Amino acid sequence: MAKTQDKVIITCAVTGAIHTPTMSSYLPLTPDQIAEQAIEAAQAGAAILHLHARNPSDGQPTPDPAIFDQFVPRIAAATDAVINITTGGSTRMTMEERLAYPLQAKPEMCSLNMGSMNFSIHQAARKIKDWRHDWEKPYVEGMEDLIFRNTFKDIKHILQTLGEGCGTRFEFECYDVGHLYNLAYFLDEGLVKGPLFIQSIYGILGGMGPDPENLVMMRTTADRLFGRENYRFSVLGAGRHQMSLLTMGAVMGGNVRVGLEDSLYLGKGQMARSSAEQVRKIKRILEELSLEVASPAEARAMLGLKGKDAVGFGTAS
């Protein structure tokens, strides 16, 4: 048996705010669809569920707490998984919108992007001729001229109001090596404390490319800045790079993140019919490598979370 600290945490990002309905008919859009896919992913082995909300009428990303409330309590009632709510929202949301539901829900965990950046998939629009909804094409093409804002002041505000104020801990999303140094700055300022959960991200235009050498660089830089005993490393590979980079990260002692937010595919030319399919695939790969998958309770202990009884969203009636 592997020690608890050696087990691999699987995070599943169920829908996100980057892909649009035209890109995959399997992308969950309604509260029912998001809840069903999240519950299935937890049953498949995901210890953490990373959640965004969408307008059920057209699939457009939304920060509306009323929509989150239609699926988050339901997921919490049906699973023991850690609920991780986005604070990134989308590149078009204000900070007030991005924090509207997290401050209400006071979850165990939230994502937190560690720097402003160009973040785009605008090239994807070139491949699509017929869009399901009017908002999709300008949304995707418009990413070419948008900055995903996460200033030092923005990050500090989230750490103080949500972290210190609500006891929420964070999945620190790092798209480049400079984001690790930003995190080290906040550690030095006393605004964060270990164990840190660092989600290193590869393959998004505007961030690091999916080269294996970049994964090694991020891991060794994090070791140098934080000391391996003070943080948990995780790997997110976008698109077709998902499974190969996750496997490499796991072999290096890291954790993994899958889900339709990050990739719409299960394999080459094969669309994923659900996020749970990706969870099952990475779980099988991990087990083939003689690695054990962490349960939600083990993930909570590994990350120092406050527990599911200390959140603000309750459970579905």
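As the structure is a prediction and not an experimental result, all values here were calculated from the model.

A look at the pairing of strand β11 (residues 231–237)
With six of seven residues buried, β11 is to be regarded as a mostly interior element. In this structure, strand β10 (residues 196–202) lies alongside β11, joined through seven bridges in parallel fashion. Within β11, the position partnered with I198 by the bridge is F233. Handedness of the β-α-β unit built from β10, helix α8 (residues 212–226) and β11 comes out right-handed. The β-α-β motif built from β11, the intervening helix α9 (residues 242–251) and the parallel element strand β12 (residues 255–258) has right-handed crossover chirality.

Focus: the pairing of strand β5 (residues 82–85)
Residues in a regular strand project their side chains so that they alternate between the two faces of the sheet. Residues V82 and N84 of β5 are buried on one face, and the alternating residues I83 and I85, pointing to the opposite face, are buried as well. Summarising the sheet, strand β2 (residues 48–51) and β5 pair through four bridges and their orientation is parallel. Looking at the pairing, I48 lines up with V82 of β5. Here β5 runs beside strand β6 (residues 109–113); their pairing, made up of two bridges, is parallel. Bridging from a neighbouring strand, N84 pairs with M109 of β6. You can see the chain leave β5, run along helix α4 (residues 95–105) and come back into β6, and the turn it takes is right-handed.

Regarding α9
Every buried residue of α9 is listed here: Q242, M243, L245, L246, G249 and A250. Along the axis of α9, the buried residues cluster in a sector spanning 165°; they form a single face. Residues of α9 that are buried in the fold lie against β10, α8, β11, β12, β13 (265–267) and α10 (275–288). Backbone geometry just after α9 places G253 at a positive phi near 95°.

With respect to the pattern of salt bridges
Scanning all chains against the criterion turns up 15 salt bridges. In this structure, the salt-bridge partner of E40 is R280, at a minimum N-O distance of 3.4 Å. Residue E40 is located in helix α1 (residues 31–44), and its partner R280 is located in helix α10; the two are separated by 240 residues in the primary sequence. Given the relative accessible area of 41%, R280 is considered partly exposed. Between R300 and D80 there is a salt bridge, with its nearest N and O atoms 3.5 Å apart. Of the two residues, R300 sits in helix α11 (residues 296–303) while D80 sits in the loop between α3 (72–78) and β5, which places them 220 residues apart along the sequence. Salt bridges sharing common partners tie together E171, E173, R257, E261 and D262.

Re the packing of α1 against α10
Two numbers describe how α1 lies on α10: the axes approach to 8 Å, and their chain directions differ by 15°. Taken as axis vectors, α1 and α10 run roughly parallel relative to one another. In terms of crossing hand, the pair formed by α1 and α10 is right-handed. Across the interface between the two elements, Q37, E40, A41 and A44 from α1 touch S275, A276, V279, R280 and K283 from α10. By residue class, the composition of the contact of α1 with α10 is four nonpolar, two polar and three charged.

Parameters and conventions
- Throughout, residues of each chain are indexed from 1 in the direction in which the sequence is written.
- Residues qualify for local features only when their pLDDT is at least 70, as the model is predicted, and side-chain atom pairs are given and counted only at 80 or more; totals for whole chains, interfaces and linings, by contrast, use all residues.
- Note that water and hydrogens are dropped before the side-chain values are worked out from all heavy atoms of the structure.
- We call a residue buried when its accessible area falls under 20% of the maximum for its residue type, exposed when it is over 50%, and partly exposed in between, using a 1.4 Å probe and counting protein chains only.
- The helix count covers DSSP runs of H or I at least four residues long, the strand count covers runs of E at least two residues long, and both are numbered beginning at the N terminus.
- For two strands to be treated as a pair, DSSP must find no fewer than two bridges joining them.
- Look down the strands so they point away from you; if going from the first strand over the helix to the second traces a clockwise path, that crossover is right-handed.
- This arc describes the spread of directions from the helix axis toward the C-beta atoms.
- Here a residue-residue contact requires only that any non-hydrogen atoms of the pair lie within 4.5 Å.
- For salt bridges, the criterion is a side-chain nitrogen of Lys or Arg within 4 Å of an Asp or Glu carboxyl oxygen.
- Every angle, taken between N-to-C directions, lies between 0 and 180 degrees, and every axis is a line fitted to C-alpha atoms, over only the stretch in contact when it is a helix.
- Reported orientations rely on four angle classes, namely roughly parallel under 35 degrees, roughly antiparallel over 145, roughly perpendicular from 65 to 115, and oblique for the rest.
- Handedness of a crossing is defined here by the sense of rotation of the near helix relative to the far one, left-handed for an anticlockwise turn of less than a right angle and right-handed for a clockwise turn.
- Residues were grouped as follows: Ala, Val, Leu, Ile, Met, Phe, Trp, Tyr, Cys and Pro as nonpolar; Asp, Glu, Lys and Arg as charged; and all remaining residues, including Gly, as polar.

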